[in-house]
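# Observations on the three-dimensional arrangement
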Amino acid sequence: MILPSLARAWSAFGKVTPVLMVFVFALLSVAPLRMPDGLTVMPFLSLMAVYYWTIYRPDLMPPALIFLIGAVQDIVSGAYLGLTPLLLLGAYSFALSQRRLFLGKPFALAWGGFFLVVLATTVVTWIIVSLIARTPVPLLQPALQFATTLLLFPLVVWLFIRTHRRLLPGQ
Amino acid sequence: MKPRVGSVSRLAAPLRAALNRFAFASLIGACFLLLVIQRAEIQVLERLRVATVDFFAPAVDLLSSPVARVSAMAEDLRAVFTLRDENLLLKAEVERLRQWRDVAQRLDVENRSLRTLVNYAPPPGGRQITGRVVADAGGAYVRNLLLAVGSSQGVVRGLAAVSGEGFIGRVTDVGERTTRVLLITDLNSKIPVAVGTRGERAVLAGDNSALPRLLYLTQENTIAPGDLVLTSGHGGLLPPGLPIGVVETVSERGVTVRPLADWQRIDHVRLLDYGLTQSSTGDLPASAPPPRIVTTPR
């Protein structure tokens, strides 16, 4: 009696895990991570989460929730509201349309796809922020974020794969 | 019955796909709409934004504390290796500051006697609110801090925020429990300042880099590297005379300023309330309010 309901709860937990991870990563993006010289660079963690889970479990990644999580990230970080949901939905759209290409192939291919996503994200952000600020903004920080996001991707994916196997076995 | 269900589902599949596509397009549209209207400062939207920050602040605090701890540990570890050098530096600094203390004491005495001569009325004493830093938005395009104090502790918009070293920014959003401080390095930060001993007027503008720039300097300015940059108090929003930074470089491309604040070590921020933010609506209080210090519990 108890075991089946426990199993059901576990499987339900597994189903909300992808969205939950995107959300936790979105909130982590404002963690005080300080580096010398006032440079506080945080990799775009929620982008990694959306990209991975859209490729492997698009059914558990509803766009409306991606939008909401992106909006919350913007509000909490005090950034330009609307930018992060736009970028996350862009990544979602790309991953959804190309996922057949990445499924069952070596990881390097998915990483290459992620390279394109991060590149597009960085360029689009720079253009939009420069338009809002009405002046070309410095490129150093976006470049640093681009590099850290791309390089940390394998590590974060390893974490995702472990979670994926534990919580959603055989799927 | 069966064939009808089949035909409905055959019809429904493309319909659902079209609906999904429409929903996705409207979400993208909503993103652009938000981007366009955020500058309009719509009252309802602003209140919703502040309430959202208030709501998520405890979660952010919880999530960020391990990150902050690891970050602090790495910093401590690095400090151990530079202990000897730092000690020598500090000894030299103490020696230098002793001399300055003597100068300050002499000037203080002189100042007091001169003040009695001219019947000078000192400015009203301020109120201080100390807030713990909960979040440090280090996106590539924003520079702000989220503090664990809010309107319930008496924070209002526009207060000056200082770290141990100097002025770091201005309060832009106030929730019930949270306060956002826009740092001087942010793209949207513009602070009226006075530079050097001559107190030349300028505006300190952030550009997301570590070194904000001075704008609107006069042609015949005499600014040189090493000049101190202070708030000027122009515009009446900020108290004058708070130290901000030191002029770093002077070139044709502009004047950059190195902030005094040590961004790596900002854990607590003091907000200074001199009653300046309300002065536009009413007269200044006749007598100075007694200094009061409010500290938030951890």
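Note: the structure precedes this text.
Residues numbered from 1 in each chain as written. Chains lettered and ligands numbered in written order. Predicted model: local features only at pLDDT ≥ 70, side-chain atom pairs only at ≥ 80, totals over all residues. Heavy atoms only, no water.

## Focus on the sheet that holds strand β8 (residues 213–215) of chain B
Residue and element names in this part refer to chain B. On the basis of which strands lie adjacent, the closed barrel formed by 6 strands has the order β6-β7-β8-β11-β10-β9 and antiparallel pairing. Each adjacent strand pair in this sheet contributes to an overall mean axis angle of 45°, direction not counted. By the bridge criterion, 3 bridges tie strand β7 (residues 200–205) to β8 in an arrangement that is antiparallel. The partner of A205 across the bridge, within β8, is R213. (Pairing = 2+ DSSP bridges. Helix = DSSP H or I, 4+ residues; strand = E, 2+ residues; numbered from the N terminus. Axes fitted to C-alpha atoms, helices over the stretch in contact; angles between N-to-C directions.)

## Notes on the nonpolar core
Within the largest apolar cluster, 72 residues are counted, with the highest numbers of intra-cluster contacts made by L47(A), Y51(A), W53(A), F114(A) and F160(A). When residues are assigned to domains, this core turns out to be shared by domain 1 (43–118) and domain 2 (127–295) of chain B, each giving three or more. Ignoring anything within four residues of it in the chain, the contact list for L47(A) reads L87(A), L88(A), A91(A), F114(A), V117(A), V118(A) and T121(A). With 36 residues, the next largest nonpolar core counts A161(B), V193(B), L238(B) and L271(B) among its residues. (Core = buried A, V, L, I, M, F, W, Y, C linked by side-chain atoms within 4.5 Å. Buried < 20%, exposed > 50% of the residue type's maximum accessible area, 1.4 Å probe, protein only. Domains from an automatic or database assignment. Contact = heavy atoms within 4.5 Å.)

## Observations regarding the packing of aromatic side chains
Residues and elements named next belong to chain A. Enumeration according to the criterion identifies 16 aromatic pairs over all chains in this entry. Between Y52 and F160, the aromatic rings sit 5.1 Å apart at their centres with planes inclined by 35°, giving tilted as the arrangement. A residue pair is termed long-range when its members are at least 10 positions apart, and Y52 in helix α2 (residues 45–56) and F160 in helix α6 (residues 140–167) qualify at 108 residues. An identical accessibility class is assigned to Y52 and F160; each is buried. Following the ring pairs from residue to residue traces out a cluster consisting of Y51, F102, F107, W111, F114 and F153. (Phe/Tyr/Trp six-rings, centres within 6.5 Å; stacked < 30°, edge-to-face > 60°.)

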